[in-house]
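Structure assessment
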Amino acid sequence: MRDGEGWETISSDRHFGNAHLEVVTDRVRTPTRATPRTWTVVHRKTAVIIAPMTHDGKIVLIRQERVPIRAAIWEMPSGQIDNVAEPDQKEIKAVALSELREEAGYELAKDGELIGLGHYFSSPGFTDEHGYFFLARPVEPCAGYVRDETESIVDCHEFSVEEIRRMIAENEIRDANTLSIWARLGAAGFLSPKRS
């Protein structure tokens, strides 16, 4: 992560790193503090989160096993961008379309478009991880799709907007990626108004 205006990294000590993350302790001078602060930071690769919408307005979710929480949960397809320190928009979009195919088995229809919805930080109190949001619409199942057995995805299903609202309200959907992109979709006007 580059220092922004008024921010200065004094030192950075690496404790651990693998293909997925790096743990460091940074000493950083902030714009409001002359005395450096010490903070443990987890660096993660940039991610993409995709909201796939079908011709009839349904949203495709995957059910994925997540080892840290020992549960399989419904979520939007997502993935990390490998081997690129600071990816450009072309690379980010290519990974989004690839993850849509690999994780959900869907692709853009001939008249489809991939709409960028900005980015967010998953948990800025300890990590610089950020993800780019995309709405892919309309999507359709890939012909001859076979799920990769190395993935932890156990199911894929199309849900109506009303079904997803209920799942969020009843705490069936509880991961930050899905909740965040859902908020962005709603704020941007891509979800139909709730019916009485």
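Numbering of residues starts from 1 in every chain and runs along the sequence as written. A pLDDT threshold of at least 70 governs which residues receive local features in this predicted model, and a stricter bar of 80 or more applies before side-chain atom pairs are shown or counted, although totals over entire chains, interfaces and linings include all residues. The basis for the side-chain values is all heavy atoms of the structure; hydrogens and waters are excluded.

Digging into the pattern of salt bridges
- By salt bridge we mean one thing: a side-chain nitrogen of Lys or Arg within 4 Å of a carboxyl oxygen of Asp or Glu. Scanning all chains against the criterion turns up eight salt bridges.
- Between D82 and K45 there is a salt bridge; the shortest N-O distance is 2.8 Å. You can see D82 sitting in the loop between β7 (78-80) and α1 (89-104) and its partner K45 sitting in the loop between β3 (33-44) and β4 (47-54), a full 37 residues away along the chain.
- Accessible area is worked out with a 1.4 Å probe on protein chains only. A residue is then buried under 20% of its type maximum, exposed over 50%, and partly exposed in between. Judged by its relative accessible area of 42%, D82 falls in the partly exposed class.
- A salt bridge links E170 to R166; the shortest N-O distance between them is 2.9 Å.
- Owing to a relative accessible area of 37%, R166 belongs among the partly exposed residues under this scheme.
- What you see here is one network of salt bridges that share partners, running through R166, E170 and E172. Helix and strand definitions here come from DSSP, where helices need a minimum of 4 consecutive H or I residues and strands a minimum of 2 consecutive E residues; each element is numbered from the N-terminal end.

Description of the environment of I181
- In this fold, I181 is placed in helix α3 (residues 176-187).
- By relative accessible area, I181 is classed as buried at 0%.
- Through-space distance from the C-alpha of I181 to that of F121 is 12 Å; in sequence the pair is 60 residues apart.

Describing the packing of aromatic side chains
- Aromatic rings from Phe, Tyr and Trp, with only the six-membered ring used for Trp, were paired whenever their centres fell within 6.5 Å, and each pair was classed as stacked if the ring planes differed by under 30 degrees, edge-to-face if by over 60, and tilted otherwise. Per the counting criterion, the structure on display carries two aromatic pairs.
- Centroid distance W74 to F159: 5.0 Å. Interplanar angle 80°. Geometry classified as edge-to-face. Of this pair, W74 sits in strand β6 (residues 71-75) while F159 sits in strand β10 (residues 153-159), and the two are 85 residues apart along the sequence.

A look at the sheet that holds β3
- The pairing criterion for strands is at least two bridges between them, as found by DSSP. Pairing within the open sheet is antiparallel, and its three strands lie in the order β1-β2-β3. Only two strands of the sheet have a single partner each, and these edge strands are β1 (8-17) and β3. When the angles between neighbouring strand axes are averaged without regard to direction, this sheet yields 15°.
- Pairing geometry for β1 and strand β2 (residues 21-30), over eight bridges, is antiparallel. Bridging from a neighbouring strand, D13 pairs with T25 of β2. Only the stretch in contact is used when fitting a helix axis, every axis being a line fitted to C-alpha atoms; angles between N-to-C directions are given from 0 to 180 degrees.

So, unusual backbone geometry
- A cis amide bond, omega -20°, links R137 with the succeeding residue P138.
- Tracing the chain through its elements places P138 in strand β9 (residues 130-141).
- Positive phi outside glycine occurs at R70, with the angle close to 55°.
- For N171, which is not glycine, the phi dihedral falls at a positive 65°.
- One can find N171 in the loop between α2 (161-169) and α3.
- The exposure class assigned to N171 is partly exposed, which follows from its relative accessible area of 49%.

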